[in-house]
Amino acid sequence: MNIAVIFAGGVGSRMKAKGGTPKQFLEVHGKPILVYTLEKFENNENIDAIVIACLKDKIDYCWSLIKKFEITKVRNIVAGGSCGQESIFNGLKAAELLSESESDIVLIHDGVRPLIDNKIINDNIESVKKYGSGITAVECKETVVIAGEEGVINNVTDRSKCRLARAPQSFLLKDILEVHRKAIKDGKTDMIDSCCLMKEYKKELHMVPGKSENIKITTPDDYYMFKALLDAKENSEIFGID
């Protein structure tokens with residue numbers, strides 16, 4: 001069983017949208033960003049179920065979107081936590097209730113990363129089957145430097161070896177749950193993402209090549225870039241441009 005856990009618990013403070021609308025619920029052409037993301041997993045033949053972790057006071061609204069846009073694979077919507085790590089853990093626990101075997105795979109994905117495609121989803125699933133993990137990543141297009149105090153550059157990294165971790169980040173469900181529970185027991189609650197959490201516990205991670213356009217929509221610039229990419233895709237389909 002392949003389960004997508006979609007994290008949609010952010011409050012969108014960096015987006016600064018009118019009315020304080022969380023970024024995952026901002027609309028582009030009449031459809032919330034979250035729905036664009038969900039549809040990618042809904043339409044992938046290898047995804048069996050979807051769980052959403054979102055703001056507690058938005059759960060009913062999420063269910064209304066699921067009904068309106070006919071997203072049939074969503075099995076549960078649970079409240080997020082006080083941080084990203086806790087929200088993902090809540091989603092994973094909901095996925096555990098759906099799990100059918102120890103070989104079940106979970107794909108952890110941002111609700112505001114709607115430009116994922118079937119290849120990335122399928123490659124993540126195959127990577128977990130083969131290696132036990134799948135971390136979507138893209139090549140760095142610019143040089144990465146390590147800065148210290150007062151802006152002093154301490155190190156210039158080899159760009160050919162640098163990658164930017166994105167999503168989904170995928171694992172055997174039993175493995176990522178085990179690590180989350182160890183982290184709670186050890187008082188580690190501030191991990192940036194699942195990749196960092198697994199690495200903290202010395203788990204081997206395997207990279208899945210992603211695409212640069214698979215951006216996370218966090219700021220107004222990201223929002224307008226997403227809209228532009230959607231418009232460009234629509235125009236290419238209308239005019240038959242490859």
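1. Observations concerning the packing of helix H3 (residues 84–98) against helix H5 (residues 173–186)
Between two packed helices, both the angle of their axes relative to each other and the distance between the axes serve to describe the pair. Taken N-terminus to C-terminus, the directions of H3 and H5 make an angle of 135°; their axes are 10 Å apart at the nearest point. The pairing of H3 with H5 is recorded here as oblique in orientation. The hand of the H3/H5 crossing is left-handed. For the pair formed by H3 and H5, the contact residues are Gln85, Ile88, Phe89, Leu92, Lys93, Ala95 and Glu96 on the first element and Leu173, Ile176, Leu177, His180, Arg181, Ala183 and Ile184 on the second.

2. Things to note about the nonpolar core
Taken as a class, soluble globular proteins show a tendency for nonpolar side chains to be buried jointly. Ranked by internal contacts, the top residues of the largest apolar core, which has 28 residues, are Ile6, Leu38, Phe41, Ile47, Ile50, Ile52 and Ile77. Once you skip the residues sitting within four places of it in the chain, Leu38 turns out to touch Ile6, Ile50, Ile52, Ile66 and Ile71. Residues Ala95, Ile108, Ala183 and Leu197 belong to the second largest nonpolar core, which totals 25 residues.

3. A closer look at the pattern of salt bridges
All told, the structure shown has 10 salt bridges when counted by the stated rule. The partner of Lys31 in a salt bridge is Glu39, with the nearest N and O atoms 3.0 Å apart. In this structure Lys31 comes out as buried when scored by relative accessible area, which is 18%. Across the salt bridge formed by Asp175 and Lys174, the nearest N and O atoms sit 3.0 Å from each other.

4. Notes on the pairing of strand S6 (residues 105–110)
Counting buried residues in S6 gives 6 out of 6 residues, a clear majority hidden from the surface. Here S6 shows two buried faces, one formed by Ile105, Leu107 and His109 and the other by Val106, Ile108 and Asp110. Bridging between strand S1 (residues 2–8) and S6 involves 6 bridges; their strand directions are parallel. Across the sheet, the residue bridging to Ile6 is His109, located in S6. With 4 bridges joining them, S6 and strand S10 (residues 163–172) adopt antiparallel strand pairing. Residue pairing in the sheet places Ile105 in a bridge with Leu172 of S10.

5. Side note on unusual backbone geometry
Residue Pro168 follows Ala167 across a cis peptide bond; omega there is 10°. Note on placement: Pro168 falls in strand S10. Phi is positive for His29, close to 55°, though the residue is something other than glycine. Among the secondary structure elements, His29 is positioned in the loop between strand S2 (27–28) and strand S3 (31–32). The phi torsion at Glu150 lies on the positive side, around 55°, for a residue other than glycine.

Rules used in this analysis
Residues numbered from 1 in each chain as written. Predicted model: local features only at pLDDT ≥ 70, side-chain atom pairs only at ≥ 80, totals over all residues. Heavy atoms only, no water. Axes fitted to C-alpha atoms, helices over the stretch in contact; angles between N-to-C directions. Helix = DSSP H or I, 4+ residues; strand = E, 2+ residues; numbered from the N terminus. Parallel < 35°, antiparallel > 145°, perpendicular 65-115°, else oblique. Left-handed = near helix turned anticlockwise from the far one by under 90°. Contact = heavy atoms within 4.5 Å. Core = buried A, V, L, I, M, F, W, Y, C linked by side-chain atoms within 4.5 Å. Buried < 20%, exposed > 50% of the residue type's maximum accessible area, 1.4 Å probe, protein only. Salt bridge = Lys/Arg side-chain N within 4 Å of Asp/Glu carboxyl O. Pairing = 2+ DSSP bridges.

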